[in-house]
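Each chain, letter by letter, is given below.
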Amino acid sequence: MKYGTRFAGLTLALAITTSFLAGCQFEDRRAAEAAEPDVSLQADLLAAREPAPAQKMFRERYIKGNKGFFQPEKTCTRAEIAQILCNLGVSAPDGRQFTDVNPAAWYGPAVTQLAGVLRGYDDGSMRPLQDINLAELLTILCRALDVKTPEASAGQPWYAPVVEAARERGWLEGLPRFVPTEKADRATVVAICNRAFGRTPDRAAIDRLTGQVFLDLPKNHFAYYDVLEAAVDHVE
């Protein structure tokens, strides 16, 4: 009788101990699960915030405005064109050093990277701060994009072949005015560069923008969509 009582007591004690240990293990597991991040939720958020590269492409701006203004009628210098092409990913170094280009200048690295398409003048200069005209711009673009053009025929201006090549490729479409010897303004430059480099503005997305991006660029400007394509980072 005493043995049976003792056995029953041990059985009860063992049951209580087992239950306590099981409860501790459950609490430990629950605490561990609470400490673990919700990986599936994070994955869902990442999928929503970072579209697959096959579906979306990031387009980085290649020209900037200044304090809310774009200055569409401002002319571009040869140094600025070098920087624009550098921003567009063109690289054509050929080792030449221009006599009037300081490598430490803001445009120095871009000019060095584009030396092969800029080429400069017979006196060894590049004239970085000189305004560029449209014929010179088209010549540089043809070199940058490896568009072969013939020499001008007798009686033609030297730039006739590059202008014809640009027209054939649609680079001049939508321009209200084109005179090859005129200086290239910023609005015309981005319109031509967008066509040359296949940067087609997403008009529907631009129309959804709230507010005016550049105070001096009204929506009825001929280069409105081209400027926003060129001067605003976006995904397409």
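Residues numbered from 1 in each chain as written. Predicted model: local features only at pLDDT ≥ 70, side-chain atom pairs only at ≥ 80, totals over all residues. Heavy atoms only, no water.

## Looking at the environment of Gly68
Test applied: Elements are defined by DSSP. Helices are runs of H or I of four residues or more, strands are runs of E of two residues or more, and each kind is numbered from the N terminus. Exposure is judged per residue with a 1.4 Å probe applied to protein chains only, and the accessible area is read against the type maximum: over 50% gives exposed, under 20% gives buried, and values in between give partly exposed. Throughout, a residue-residue contact means that at least one pair of heavy atoms, one from each residue, lies within 4.5 Å.
Within the secondary structure, Gly68 sits in the loop between β1 (58-59) and α3 (78-87). Given the relative accessible area of 29%, Gly68 is considered partly exposed. With 144 residues separating them in the primary sequence, Gly68 and Gln212 have C-alpha atoms 9.1 Å apart. With residues near it in sequence (within four places) discarded, Gly68 still touches Val213, Phe214, Leu215 and Asp216.

## Considering the packing of helix α6 (residues 134-144) against helix α7 (residues 160-168)
Describing two packed helices takes the angle between their axes plus the distance from one axis to the other. This is how it is decided: For every element, the axis is a line fit to its C-alpha atoms; helices are fit only across the contacting stretch, and the angle between N-to-C directions ranges from 0 to 180 degrees. Any angle that falls under 35 degrees is termed roughly parallel, while one over 145 is termed roughly antiparallel, one within 65 to 115 roughly perpendicular, and all others oblique. In this scheme the crossing of two helices becomes right-handed for a clockwise turn of the near helix relative to the far one and left-handed for an anticlockwise turn of less than a right angle. In this classification, Asp, Glu, Lys and Arg are treated as charged, Ala, Val, Leu, Ile, Met, Phe, Trp, Tyr, Cys and Pro as nonpolar, and every other residue, Gly included, as polar.
With their axes 9 Å apart at the nearest point, α6 and α7 run at an angle of 70° to one another. Considering their axes alone, α6 and α7 lie roughly perpendicular with respect to each other. Where α6 crosses over α7, the handedness of that crossing is left-handed. Counting all contacts with α6, which are made through Ala135, Leu138, Thr139 and Cys142, the residues of α7 involved are Val162, Val163, Ala165 and Ala166. Within the contact of α6 with α7, the residues separate by chemical class into seven nonpolar, one polar and no charged.

## Overview of the side chain of Asn194
By the element assignment, Asn194 lies in helix α8 (residues 186-196). Overall, Asn194 belongs to the buried group, its relative accessible area being 1%. Once residues within four sequence positions are removed from consideration, Asn194 is found in contact with Tyr62, Arg199, Asp226, Glu229 and Ala230.

## Thoughts on the packing of aromatic side chains
Rule in force here: Aromatic rings from Phe, Tyr and Trp, taking only the six-membered ring of Trp, are treated as a pair when their centres fall within 6.5 Å; an angle between ring planes under 30 degrees marks them as stacked, one over 60 as edge-to-face, and anything in between as tilted. When the NZ atom of lysine or the CZ atom of arginine is within 6 Å of a ring's centre and also within 35 degrees of its normal, the charge is said to sit over that ring.
On inspection of all chains with the given rule, the structure shows four aromatic pairs. Each ring, one from Phe70 and one from Phe214, has its centre 5.5 Å from the other, and the planes form 50°; the classification is tilted. Note that Phe70 is positioned in the loop between β1 and α3 and Phe214 in the loop between α9 (203-207) and α10 (224-231), a separation of 144 residues in sequence. Of the residues examined, Phe70 reaches a relative accessible area of 0% and is grouped as buried. Lying across the ring of Tyr121, Arg127 places its NZ or CZ 3.7 Å from the centre.

## Observations concerning α7
Looking at α7, one finds that the buried residues are Ala160, Pro161, Val162, Val163, Ala165 and Ala166. Packing partners of the buried residues in α7 comprise α6.

## Structural notes on the pattern of salt bridges
Using the following cut-off: Each reported salt bridge corresponds to a side-chain nitrogen of Lys or Arg within 4 Å of a carboxyl oxygen of Asp or Glu.
This structure, assessed with the given rule, holds ten salt bridges. In this structure, the salt-bridge partner of Asp94 is Arg96, at a minimum N-O distance of 2.6 Å. In this structure Asp94 comes out as partly exposed when scored by relative accessible area, which is 37%. Where Asp146 meets Lys148, a salt bridge forms, and the shortest distance between an N and an O atom there is 2.9 Å. Residues Asp146 and Lys148 agree in their burial class; the two are exposed.

## Observations regarding the packing of α8 against α10
Contact geometry of α8 with α10 gives a least axis separation of 9 Å together with a crossing angle of 70°. Taken together, the axes of α8 and α10 are roughly perpendicular relative to one another. Note on element contacts: α10 touches α8 through Asp226, Val227, Glu229 and Ala230, opposite Val190, Ala191, Asn194 and Arg195. Of the residues in the contact of α8 with α10, the class split is four nonpolar, one polar and three charged.

## Considering the side chain of Glu136
Put simply, the rule is: Working convention for charge: Lys and Arg count positive, Asp and Glu count negative, and His plus the chain ends are omitted.
Tracing the backbone shows Glu136 in helix α6. For the buried residue Glu136, which engages in no salt bridge, the nearest side chain bearing the opposite charge is Arg78, 4.5 Å off. Not counting the four nearest positions on each side in its chain, Glu136 is found in contact with Arg78, Tyr121, Asp131 and Trp158.

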